[in-house]
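A structural walkthrough
Each chain is listed here by its residues.
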Amino acid sequence: MSSAPRPALLGETIIPDHFREQADWCRALGSPFTADLCLAFAEDFEAGGIVASLVSDWPTNPRKDALALRLAGCLHHATLIGRAPKLAAEYPAQNPGWSMKTVWPVARDWLAGNGDWVTRFLESPPQTNETRRCIALLPGFLELAHRFDMPMHLLELGASAGLNQNWDRYSYSTSTWQRLTRETSGVTVSTDWQMDPPQHLSAQPRVESRAACDLSPFDLSDPDQITRLKCYTWPDQKERLSRLDAAVRLAQKTGIRVEKADAADWIARKLSARPKNSLTVVFHSVFLIYPPRDVIGQIMSTIAAHGEKATADAPLAWLSYESEALFGGNTDTPMMETRLQVWPGGEARTLNRSDGHVTRVIAPAI
């Protein structure tokens, strides 16, 4: 990266503006630490500091690339692996009373002394495997289990480490309803549920098979890759960090695997060979914001084309938790929606709405 500090205008997105926008999102999603850290990035960039030296010539759109989260993840990763012990001492895990006034000078000095390592780290996009998204998807899975008395075959796109493959093994708890797993998974997903409880809470899905793909899947047998996954979970969110640890342990126990593959090619291949006398469920969550537009179109067209061929003996369901704008909804907010489409018939419904981390769940827009 160039050492010349300059505001980088890329697709009308200025890097400091991106940092401040990300700060607003982090604060809204319950991470004041990451919000304050992103504001420190912006101020340092504008002052021509180390952040400007590291990223001022970022070659593509910093917002789409989640540059702020790459940089925040880099610092968190350094504290987790023991590469930055002084910084770790200032982070929430060791210092619950943290102050960015003391955190940032240590972080700034560490960045200045580890520029090559930071540059290499920033080359990889951030990945999270937010298990709380399963609670938004759950009403769709329960409806399918109630409606179809047949085995269920799961196909997940953009699965990251594959933690959400275990959605049926998690327990769910809100102030108005609960669904407890039959087995002890160690994972409980909770949120602020602000609509009617899901229907069919007693339905028991019969999951026959689980398969998933990702362009860069995490190998949960590799401790280094687990740490890489964990570093993108915000340091002051203990519940998310604990749930991630438990979900990783369960995935290791149940043998979850994610294939390294292009989603468009993978789903076409899988749907062409889908089992008969069974229900196939394609699902994904906050995935279709990442592929190029033509690839998104190809994926959606492939699913719809196979849906048109579905029969009562081999139905196909498409369950997604994605941006409202994806299916023609509101483009002015960062809200997501859970959408279920089932063939034969092709009927589609929106089940609920929430944010990227599912901090609260509300009814669909009228």
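Structural notes, computed from the coordinates. (Residues numbered from 1 in each chain as written. Predicted model: local features only at pLDDT ≥ 70, side-chain atom pairs only at ≥ 80, totals over all residues. Heavy atoms only, no water.)

What follows covers the sheet that holds strand β5 (residues 178–179). To summarise the sheet geometry, strands pair through backbone hydrogen bonds and adopt either a parallel or an antiparallel arrangement. Spatial ordering of the open sheet is given by β5-β4-β6, a layout of three strands whose pairing is mixed. Of all the strands in the sheet, just β5 and β6 (188–190) have a single pairing partner and so form its edges. Pairing of strand β4 (residues 171–173) with β5, which is carried by two bridges, proceeds in the antiparallel orientation. From the neighbouring strand, tyrosine 172 faces β5, where its bridge partner is arginine 179. Along the sheet, helix α8 (residues 133–147) makes contact with β4, β5 and β6, crossing β4 at roughly 110°. (Pairing = 2+ DSSP bridges. Helix = DSSP H or I, 4+ residues; strand = E, 2+ residues; numbered from the N terminus. Contact = heavy atoms within 4.5 Å. Axes fitted to C-alpha atoms, helices over the stretch in contact; angles between N-to-C directions.)

This part is about the sheet that holds strand β11 (residues 316–323). The mixed open sheet is built from seven strands, whose spatial order is β9-β8-β3-β10-β11-β12-β13. Each of the sheet's edge strands pairs with one partner strand only, and the pair in question is β9 (259–260) and β13 (347–354). Strand direction decides the pairing type here: strand β10 (residues 279–285) and β11, joined by six bridges, are parallel. Opposite threonine 280, over in β11, you have leucine 316 as the bridge partner.

Let us look at the packing of helix α2 (residues 32–46) against helix α4 (residues 67–80). As a packed pair, α2 and α4 sit with axes 10 Å apart at the nearest point and diverge in direction by 110°. It follows that α2 is roughly perpendicular to α4 by the angle criterion. When the axes of α2 and α4 are compared, the crossing they make is right-handed. Of the residues in α4, those in contact with Thr34, Leu37, Cys38 and Phe41 of α2 are Ala68, Leu71, Ala72 and Leu75. (Parallel < 35°, antiparallel > 145°, perpendicular 65-115°, else oblique. Left-handed = near helix turned anticlockwise from the far one by under 90°.)

Moving on to the packing of aromatic side chains. Here the structure, examined in full by the defined rule, presents 11 aromatic pairs. Between phenylalanine 121 and tyrosine 232, the ring centres sit 6.2 Å apart and the planes meet at 45°, which makes this aromatic pair tilted. Linking phenylalanine 121 in helix α7 (residues 115–122) with tyrosine 232 in the loop between α9 (223–230) and α10 (238–254), this pair joins segments that are 111 residues apart in sequence. Each member of the pair, phenylalanine 121 as well as tyrosine 232, is classed as buried. Looking at arginine 228, its charged tip hangs above the ring of phenylalanine 121, at a distance of 3.6 Å from the centre. (Phe/Tyr/Trp six-rings, centres within 6.5 Å; stacked < 30°, edge-to-face > 60°. Buried < 20%, exposed > 50% of the residue type's maximum accessible area, 1.4 Å probe, protein only. Lys NZ or Arg CZ within 6 Å of the ring centre and 35° of its normal.)

Let us look at the nonpolar core. Grouped together as the largest cluster of nonpolar side chains are 48 residues, with contacts concentrated most on Met152, Leu163 and Trp167. With nine residues, the top contributor of residues to this core is α8. The residues touching leucine 163, leaving out its near neighbours within four places in the chain, are Asn129, Thr131, Tyr170, Leu220, Leu229, Leu244, Ala247, Val248 and Ala251. (Core = buried A, V, L, I, M, F, W, Y, C linked by side-chain atoms within 4.5 Å.)

What follows is about the pairing of strand β12 (residues 336–343). With eight of eight residues buried, β12 is to be regarded as a mostly interior element. Where burial is concerned, the two faces of β12 agree: the one with Met336, Thr338, Leu340 and Val342 and the one with Glu337, Arg339, Gln341 and Trp343 are both buried. Relative to β12, β11 is paired through eight bridges, and the arrangement is antiparallel. Pairing of alanine 317 across the sheet is with valine 342, part of β12. For β12 and β13, the ladder comprises seven bridges, and the chain directions are antiparallel. The residue bridging glutamine 341 from the neighbouring strand is alanine 348, located in β13. Connecting the antiparallel pair β12 and β13 is a turn made up of three residues, with glycine 345 showing a positive phi of about 110°.

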